[in-house]
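Breakdown of the fold
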Protein chains: 2
Amino acid sequence: MSPDPQSSAPTLEMVAAAAGVSRSTVSRVINDSPKVTPEALAAVRKAIDELGYVPNRAARILASRRTQSIALVIPENTAKFFADPYFATVVQGIAMYLSDTDYTLSLLIASESDGEKTRRYLQSGNVDGALILSHHSDDRSYVQLAKSIPVVFGGRPMSQEGSHAYYIDVDNVEAARSVTQKLIERGRRRIATIAGPSDMSAGLDRLQGWRQALDAAGIPTDLVEHGDFSPAGGEAAMRRLLDREPELDGVFAASSLMASGALNVLRSRGKAVPHHLGLVTFDNDYAAQSSSPPLTTVEQPTVEQGRRMVDVLLHLIDGGNASTVTMMPTRVIERGSE
Amino acid sequence: MSPDPQSSAPTLEMVAAAAGVSRSTVSRVINDSPKVTPEALAAVRKAIDELGYVPNRAARILASRRTQSIALVIPENTAKFFADPYFATVVQGIAMYLSDTDYTLSLLIASESDGEKTRRYLQSGNVDGALILSHHSDDRSYVQLAKSIPVVFGGRPMSQEGSHAYYIDVDNVEAARSVTQKLIERGRRRIATIAGPSDMSAGLDRLQGWRQALDAAGIPTDLVEHGDFSPAGGEAAMRRLLDREPELDGVFAASSLMASGALNVLRSRGKAVPHHLGLVTFDNDYAAQSSSPPLTTVEQPTVEQGRRMVDVLLHLIDGGNASTVTMMPTRVIERGSE
DNA sequence: TTGTAAGCGTTATCAA
DNA sequence: TTGATAACGCTTACAA
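Residues numbered from 1 in each chain as written. Chains lettered and ligands numbered in written order. Predicted model: local features only at pLDDT ≥ 70, side-chain atom pairs only at ≥ 80, totals over all residues. Heavy atoms only, no water.

**A word on the UniProt feature "domain: HTH lacI-type" (unreviewed entry) in chain A**
Heads up, the rule is: UniProt positions are given in the numbering used here, feature names are shortened, and annotations may be inferred rather than shown by experiment. Strands here are runs of E lasting at least two residues and helices are runs of H or I lasting at least four, both read from the DSSP assignment and numbered beginning at the N terminus.
Under the local residue numbering, the UniProt record ascribes the feature "domain: HTH lacI-type" (unreviewed entry) to residues 10-64 of chain A. The distance from the first to the last C-alpha atom of residues 10-64 of chain A is 20 Å, and the span holds 69% helix and 0% strand.

Pasting the structure below:
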């Protein structure tokens, strides 16, 4: 009995035999080496086509010591991560851009209980680089990781050492300041904020922007309640704010999901937006667009942020240089909520 | 000059030397072979710890012909995919479950222009199996793929050959019927549907469920407009419906995103829900919960669906058997919209 | 420009 | 239970 001809995928060796060249030449063709004669090139290409040859990834990695794959590390709190349109679209940008390259994307959930495992995996040559999204003050270990492999953060890392890290971000302070400014311009004078978590730079920066706007107008900045960027967090914070100050007439919610939670509370308490109170927020996603009323908000180029993260990472992997911080533009979109 | 001791990751060989055993023994320890004496085991473990050894993935794959990685294939239309909470949560389930195993998850975007490339990659031993999400009538090629490697679909595949495919799904017909029934019970008699795409089984099945409910009540089933499961699609469909039949008093939208688009149109045309008309939908996500009014809807266990997809796939990979179709339970959640 | 041959770091077979 | 030793499929000096 002859061996089953399609028992396994064709190998480079089979291509070489079919094309009448050596394995090296086939390898050169696969890797776009210029040092191949047109005839050899044609013969190899033909053989590859006919056999339906696809290089074995593991063998390539092992021999070349390049994995052609990068990791996307997401926080353990997957539910909140995937529920947030912001992250969904950043991931979209990453996946889309990467699909145009020869790199493979591995999704990695960073277990806090065993973060060691994740880091070991990343450090042990299993990926060429890593993208870190939505990590909190515990991002030190990932900043450390950058000493072993190229790492790019989405959003400025919190830790001190992070000042040397590569990251993509927007000017959260300025964007928050400028959208809060809208409230002031409409004559609101008792303005609160539903701030993000204090262990995330986006949370801190947006809070600071809100403060700057109020300070400049001589308005007190005492009305601060924190949420976790989720609708439920927004609801709870809104309740606390109304309890503290029933007369408040303006709110800046640091994320659209929190704003939508806040809207529910306002509705149930009979506070009309924008009649009784103005509401502005951050992110121009589904929540900001489809709420009633639609919300005045800060738009940031999320898909593009993902693209740029990949872009910077691939540059680093190629040994090129990239600027450590990439700031993406934002703009305020005015809608009915203020 | 001696070679840089930390120029590269420790290898199995170094562990073997440190532990005073052969490479084979180290390999056995790594792979939990029972045939290792306690002393050898201890020595190897100690060496592994001290060196911080992590097995080289590529080498393992190459030698064992098992990749320990599975692909998640998502459709080319990434924007719509990632914008849909349904898929986001299914992916969440997949990623979470997989992170408890030794498998790695690769995100693959199926390019329609070069679907060949994707399939080649999958067929060429680069993954142990594949998860296919949200594919349309063009899913034939993936059904074919199942002849080469284990494949599990999220949602029943459309193609004929798909009847032999492994998939996880819910009873869309029955769920749609039963939520439409709510409209009828409340006395609605002119009931429309914003159906999903005709090239997706969820679209077809929910439409059929709506028809069953109406047929049973002797209500005409002429008011059908299709959308693409997105808010914009829902808006457009709602407009067409109102133009066709201003007197309609009930709507079943086949997805919560379409329902929320529909709500915007209704609001702008002065139609109050549920005062003038009842609106029920599918999916208990953010859109259904945070709209005003919150929507009566069909809840399906999305995270769990992702889990089960992985579960079935891993069974298949292990050579075990699994039932081709896994149906997950749904239930109707009643809210204010009807 | 092409081919030869030596790895890359594991697993797997077979004897011992 | 352990240890040699031969793969696994490719890349990459180096030689021709």
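Right, picking up where we left off after that structure.
**Notes on the protein's contact with DNA strand D**
Put simply, the rule is: Any residue with a heavy atom lying within 4 Å of a molecule or strand is counted as near it. As used in this structure description, the phrase polar contact means that two N or O atoms lie within 3.5 Å; if the pair is within protein, one of them must be able to donate a hydrogen and the other to accept it, and residues adjacent in sequence are counted only when both atoms belong to side chains.
For DNA strand D, the set of nearby residues contains 28 residues, the closest of which are A:Leu12, A:Ser27, A:Tyr53, B:Arg28 and B:Thr37. Atoms of DNA strand D within 4 Å of the protein belong to the sugar or the phosphate in 59% of instances, the rest to bases. Separating a base nitrogen of DNA strand D from a side-chain N or O atom of B:Ser24 is a distance of 2.7 Å. Of all the secondary-structure elements, those providing two or more residues to the surface near DNA strand D are helix H2 (23-30) and helix H4 (57-64) of chain A together with helix H2 (23-30) and helix H4 (57-64) of chain B.

**Description of the confidence of the model for chain A**
The condition is simple: In predicted models, pLDDT denotes the confidence assigned by the predictor to each residue on a 0 to 100 scale. Contacts: residue pairs with any heavy atoms within 4.5 Å of one another.
Put simply, chain A has an average pLDDT of 91, and 97% of its residues get 70 or more. Here residues 1-7 of chain A scores under 50 on pLDDT; set against residues more than four positions off or in separate chains, the count is zero contacts.

**Some thoughts on the protein's contact with DNA strand C**
Applicable threshold: Each residue gets one of three labels, nonpolar for Ala, Val, Leu, Ile, Met, Phe, Trp, Tyr, Cys and Pro, charged for Asp, Glu, Lys and Arg, and polar for the others, Gly among them.
The full set close to DNA strand C counts 28 residues, and A:Ser24, A:Arg28, A:Thr37, B:Leu12 and B:Ser27 are the nearest of them. The sugar-phosphate share of atoms of DNA strand C within 4 Å of the protein amounts to 60%. Within the contact set of DNA strand C, a phosphate oxygen lies 3.0 Å away from a backbone nitrogen or oxygen of A:Ser22. B:Ala59 is positioned such that a nitrogen or oxygen atom in its backbone is 3.4 Å from a base nitrogen of DNA strand C. Listing elements by their share of the surface near DNA strand C, those giving two or more residues are H2 and H4 of chain A together with H2 and H4 of chain B. Of the residues in the surface near DNA strand C, the class split is 11 nonpolar, 10 polar and seven charged.

**Thoughts on the sheet that holds strand E10 (residues 296-299) of chain A**
All names here are of chain A. Spelled out, the test is: In this scheme, strands are said to pair when DSSP sees at least two bridges between them. All axes are obtained by fitting lines to C-alpha atoms, using only the stretch in contact for helices, and the reported angles, taken between N-to-C directions, cover 0 to 180 degrees.
Spatially, six strands are ordered E7-E6-E8-E9-E10-E12 in an open sheet, and the strand pairing comes out mixed. Sheet topology places strand E7 (224-226) and strand E12 (331-333) at the edges, where each strand pairs with a single neighbour. Direction aside, the axes of adjacent strands within the sheet are offset by 20° on average. With three bridges joining them, strand E8 (residues 250-253) and strand E9 (residues 278-282) adopt parallel strand pairing.

**Some points on the sheet that holds strand E11 (residues 325-328) of chain A**
Within a beta sheet, neighbouring strands are joined by backbone hydrogen bonds and run either parallel or antiparallel to one another. Reading across the sheet, the 12 strands line up as E11(A)-E5(A)-E4(A)-E3(A)-E1(A)-E2(A)-E2(B)-E1(B)-E3(B)-E4(B)-E5(B)-E11(B) and stay open at both edges, with mixed pairing between neighbours. Here the strands that pair on one side only, and so sit at the sheet edges, are E11 of chain A together with strand E11 (325-328) of chain B. The mean inter-strand angle of the sheet, taken between neighbouring strand axes irrespective of direction, is 20°. Summarising the sheet, strand E3 (residues 129-133) of chain B and strand E4 (residues 151-154) of chain B pair through four bridges and their orientation is parallel.

**Focus on helix H7 (residues 115-123) of chain A**
The line we're drawing: Buried, partly exposed and exposed residues are distinguished by accessible area as a fraction of the type maximum, computed with a 1.4 Å probe on protein chains only: under 20%, between the cut-offs, and over 50%, respectively. By arc we mean the arc of the directions from the helix axis to the C-beta atoms, nothing more.
When H7(A) is considered as a whole, its buried residues turn out to be A:Gly115, A:Thr118, A:Tyr121 and A:Leu122. Projection of H7(A) onto a plane perpendicular to its axis shows the buried side chains occupying an angular sector of 130°, all on one side. Of the surrounding elements, those touching the buried residues of H7(A) are strand E1 (69-75), strand E2 (104-110), strand E3 (129-133) and helix H8 (140-145) of chain A together with H4 and strand E2 (104-110) of chain B.

**As for the relation of the copies chain A and chain B**
What counts here: The superposition of copies rests on a least-squares fit of C-alpha positions from residues with pLDDT of 70 or more in both.
For these two chains of identical sequence, chain A goes onto chain B by a turn of 180° and a shift of 0.0 Å along the axis, with RMSD 0.1 Å. Given the turn and translation reported, the copies of this chain are related as if by a two-fold rotation axis.

**A word on the packing of aromatic side chains**
To keep things clear, this is the line we draw: Two rings belonging to Phe, Tyr or Trp (six-membered ring only in the last case) form a pair when the distance between their centres is within 6.5 Å. Interplanar angles under 30 degrees mark stacking, angles over 60 mark edge-to-face geometry, and anything in between is tilted.
Summed over all chains, the structure comprises seven aromatic pairs over all chains. Here A:Tyr86 and A:Phe87 contribute two aromatic rings whose centre-to-centre distance is 5.0 Å and whose plane-to-plane angle is 75°, an arrangement assigned as edge-to-face. Take A:Tyr86 and A:Phe87: they sit in the same class, and that class is buried. With a centroid separation of 5.3 Å and 85° between ring planes, the pair formed by B:Phe81 and B:Phe82 is classed as edge-to-face.

**Here we look at the packing of H2(B) against helix H3 (residues 38-51) of chain B**
A pair of packed helices is characterised by two quantities: the angle between their axes and the separation of those axes. All names here are of chain B. Heads up, the rule is: When describing relative orientation, an angle under 35 degrees is termed roughly parallel and one over 145 degrees roughly antiparallel, while 65 to 115 degrees is termed roughly perpendicular and anything else oblique.
In the contact formed by H2 and H3, the axes pass within 10 Å of each other and the chain directions differ by 85°. With respect to each other, H2 and H3 are oriented roughly perpendicular. In this structure, H2 uses Thr25, Val26 and Val29 to contact H3, whose residues at the interface are Ala40, Leu41 and Val44. Looking at the contact of H2 with H3, its residues break down into five nonpolar, one polar and no charged.

**With respect to the interface of chain A and chain B**
We apply this condition: Note on definitions: buried area is the accessible-area loss of two parts on being combined, 1.4 Å probe, summed for both. Every case where a carboxyl oxygen of Asp or Glu lies within 4 Å of a side-chain nitrogen of Lys or Arg is listed as a salt bridge.
Counting residues at the interface gives 38 residues for chain A and 39 residues for chain B. Approximately 3,500 Å² of surface area, both sides summed, lies buried where chain A meets chain B, with 59% of it carried by carbon and sulfur atoms. At the boundary of chain A with chain B, the tally comes to zero salt bridges. At the surface where chain A touches chain B, the tally comes to nine residue pairs in polar contact (both at pLDDT 80 or more). Listed by contribution, the elements that provide at least two residues to the side of chain A that touches chain B are H4, helix H5 (78-83), helix H6 (85-99), E2, H7, helix H12 (256-268) and helix H13 (286-290) of chain A. Ranked by residue count, the leading element in the side of chain A that touches chain B is H6(A), at six residues. In terms of residue class, the side of chain A that touches chain B is built from 20 nonpolar, 13 polar and five charged. As paired strands, E2(A) and E2(B) are joined by three bridges and run antiparallel to one another. Paired with A:Ser106 across the two strands is B:Ser106, which belongs to E2(B).

**Focus on the pattern of salt bridges**
Residues and elements named next belong to chain A. Taken as a whole and assessed by the stated rule, the structure comprises 28 salt bridges over all chains. Among the ionic pairs, aspartate 205 bridges to arginine 156, the shortest N-O distance being 2.4 Å. With aspartate 205 in helix H10 (residues 201-216) and arginine 156 in the loop between strand E4 (151-154) and strand E5 (166-170), this residue pair connects regions lying 49 residues apart in the sequence. With a relative accessible area of 29%, arginine 156 lands in the partly exposed category. The residue arginine 269 makes a salt bridge to aspartate 243 at a minimum N-O spacing of 3.0 Å. Separated by 26 residues along the polypeptide, arginine 269 in the loop between H12 and E9 and aspartate 243 in helix H11 (residues 231-244) bring together distant segments of the chain. A relative accessible area of 56% places aspartate 243 in the exposed class.

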